[in-house]
Amino acid sequence: MTSSQWPAGSPVRRVFVTLSAAAALALGGCAAKVPTATVSTNELPFQQAVETATDALVAQTQTLPGFLAKVEAKLNKRGVVLDPSLDSGTGQQTTATQQLDKLLTDRLTNQFAQFQVLPFRAANLTQAQYLLTATMTRVRGDSTKSPYRIDMALVDLKTGNVAAQASAVARPDGVDMTPLAYYRDSPVLVKDGVIEGYVRTSATAPGGRADATYIERISTAALINDANILYNNARYQEALGEYRSALATPAGEQLRVLNGIYLTNVKLGRMAEAEQAFGRVVKLGIAYNELGVKLLFNPGGTEFWSDPKISGAYAMWLRQIAKESAVAKVCMNIVGHTSKTGTGTANDALSLRRATLIQQRLGGEGVEMIGRTKPVGMGFKENIVGSGTDDGVDALDRRVEFKIVPCG
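Each value, and the rule that gives it
Counting of residues starts from 1 at the beginning of each chain's written sequence and follows it residue by residue. Predicted model: local features are reported for residues with pLDDT of at least 70 only, side-chain atom pairs are reported and counted for 80 or more only, and whole-chain, interface and lining totals are derived from all residues. Heavy atoms from the whole structure form the basis of all side-chain values; hydrogens and water molecules are not counted. What makes two strands pair is DSSP finding at least two bridges between them. Going along the chain from the N terminus, every DSSP run of H or I of four or more residues is numbered as a helix, and every run of E of two or more is numbered as a strand. Think of each axis as a best-fit line through the C-alpha atoms, taken over the contacting stretch in the case of a helix, with angles from 0 to 180 degrees between the N-to-C directions. Contact criterion: two residues are considered in contact whenever any of their non-hydrogen atoms come within 4.5 Å of each other. If an angle is under 35 degrees, it is roughly parallel; if it is over 145, roughly antiparallel; if it lies from 65 to 115, roughly perpendicular; otherwise it is oblique. Crossing handedness: left-handed means the near helix sits turned counterclockwise from the far one by under a right angle, and right-handed means the same turn made clockwise. All amino acids are sorted into three groups, where Ala, Val, Leu, Ile, Met, Phe, Trp, Tyr, Cys and Pro are nonpolar, Asp, Glu, Lys and Arg are charged, and the leftover types, Gly among them, are polar. Our working definition of a disulfide is a cysteine sulfur pair at a distance within 2.5 Å. Only protein chains enter the accessibility calculation, which uses a 1.4 Å probe; a residue is then buried when its area is under 20% of its type maximum, exposed when over 50%, and partly exposed in between.

1. A closer look at the sheet that holds strand β9 (residues 331-336)
For step 1, the next point in the chain: Across the sheet, which stays open at both edges, the 4 strands sit in the order β8-β11-β9-β10 with mixed pairing between neighbours. Of all strands in the sheet, those bounded by a partner on one side alone are β8 (291-293) and β10 (373-377). If you compare each strand with its neighbour and ignore which way they point, the axes differ by 25° on average.
For step 2, the next point in the chain: Here β9 runs beside strand β11 (residues 400-405); their pairing, made up of 6 bridges, is antiparallel. The residue of β11 that forms the bridge with valine 335 is glutamate 401.
For step 3, the next point in the chain: Strands in contact with helix α14 (residues 314-328) are β8, β9 and β11; relative to β8, the strand with the most contacts, it is inclined by about 165°.
For step 4, the next point in the chain: Set on the sheet, helix α15 (residues 344-365) makes contact with β9, β10 and β11; between it and β10 the angle comes to about 160°.

Here is the structure:
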């Protein structure tokens with residue numbers, strides 16, 4: 001209903017007219033002004049840090065004086081779609097990022113009437129005003145005790161510009177970075193250009209453009225999120241259908257999609273289809289010159305993890321890596337990594353021995369692989385998680401990476 005539809009002189013009409021005039025003045029006077037990102041550097045309890053960043057984010061969107069803002073909030077709710085938050089280092093969703101999403105959603109819903117938080121669905125992206133992204137980044141230092149920086153950004157879905165950005169620092173106490181099932185089960189580091197774009201967007205200052213690669217693939221990301229939720233709830237057949245739907249979209253050839261097709265086929269016992277899917281994961285990783293595989297070893301040695309539920313697929317993984325590398329005629333450094341346990345010297349040597357073992361195993365799939373590969377040991381110098389817990393949290397630190405290098 002417009003103001004002209006209310007009776008002349010009615011209180012509601014006066015509010016509409018006053019509000020419209022005030023909004024015009026506010027927006028007109030601030031047309032060239034861009035909000036400034038808000039950074040809180042004090043270490044706060046996790047919940048307080050999330051609430052502090054959320055409040056600062058909302059404050060940057062306010063363009064009206066106090067009482068008019070309250071009236072406008074009741075008359076004109078702004079839809080916000082939250083793309084689930086990530087650990088920026090690993091690209092994973094974890095128990096802590098899931099908690100962050102809940103706290104953020106609760107804060108917006110309970111404290112700010114002008115916003116309506118909508119589920120991350122493709123249909124909602126066409127109706128909402130904002131897209132909300134958030135990341136957690138471990139602040140470097142003593143990694144077992146260092147805090148997390150929380151970054152949030154509101155993206156205007158019409159313009160693709162960041163409308164507001166805020167950061168706060170959370171203490172590590174009680175922060176559980178255990179990855180959710182999809183990421184826990186993943187054989188590879190699921191961090192491609194789309195994830196990197198999400199991370200960059202969350203830290204982009206107001207007025208800047210959201211990452212183009214991320215925004216261009218946002219509708220597919222919503223399908224992937226639906227599939228991941230189904231996978232995390234052990235609804236594998238339905239998840240497979242959603243991953244296939246995502247793959248069929250123009251932007252569907254993504255690492256998260258192919259990885260999901262591999263994982264669901266494994267869970268459904270379809271090993272031939274799983275191997276085919278893993279081959280596509282490898283092919284895409286080679287194309288982007290980034291393939292980090294979680295090959296776990298028994299502590300301190302070069303034998304694969306003793307539990308066949310974990311290491312049973314390793315022979316197939318290596319077979320597909322050798323096959324796709326031969327097809328692409330690429331040369332690779334095989335880079336071994338270890339978690340942050342023990343001395344640097346011992347881990348450097350151990351990671352090199354493990355990389356050499358992988359080179360030998362690849363050579364068993366095709367002798368030409370020996371000449372096309374070089375083992376490198378990085379120890380724990382390039383840890384992604386860095387917790388040194390030697391469990392599911394830092395499994396990515398015990399990865400082997402295959403990096404494309406010039407031949408000869």
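And the narrative resumes.
2. Some details on the packing of α14 against α15
For step 1, the next point in the chain: For the pair α14 and α15, the least separation of the axes is 9 Å and the interaxial angle reads 70°. With respect to α15, the element α14 is oriented roughly perpendicular. In the packing of α14 onto α15, the handedness of the crossing is right-handed. Here α14 contributes Ala315, Leu318, Arg319, Ile321 and Ala322 to the contact with α15, which in turn contributes Ile358, Arg361, Leu362 and Glu365.
For step 2, the next point in the chain: Tallied by class, the residues present in the contact of α14 with α15 amount to 6 nonpolar, no polar and 3 charged.

3. Remarks on the state of the cysteines
For step 1, the next point in the chain: Enumeration according to the criterion identifies 1 disulfide in this entry.
For step 2, the next point in the chain: Shown here is the disulfide that connects cysteine 331 with cysteine 407, its sulfur atoms set 2.0 Å apart. On the sign convention where negative is left-handed, the bridge of cysteine 331 and cysteine 407, at about 110° about the S-S bond, is right-handed. Note that cysteine 331 is positioned in strand β9 and cysteine 407 in the segment after β11, a separation of 76 residues in sequence.

4. Brief notes about unusual backbone geometry
For step 1, the next point in the chain: Phi is positive for alanine 234, which is not a glycine, with a value near 60°.
For step 2, the next point in the chain: Judged by its relative accessible area of 45%, alanine 234 is partly exposed.
For step 3, the next point in the chain: The phi dihedral of lysine 329 is positive, around 55°, even though this residue is not glycine.
For step 4, the next point in the chain: As for its position among the elements, lysine 329 is in the loop between α14 and β9.

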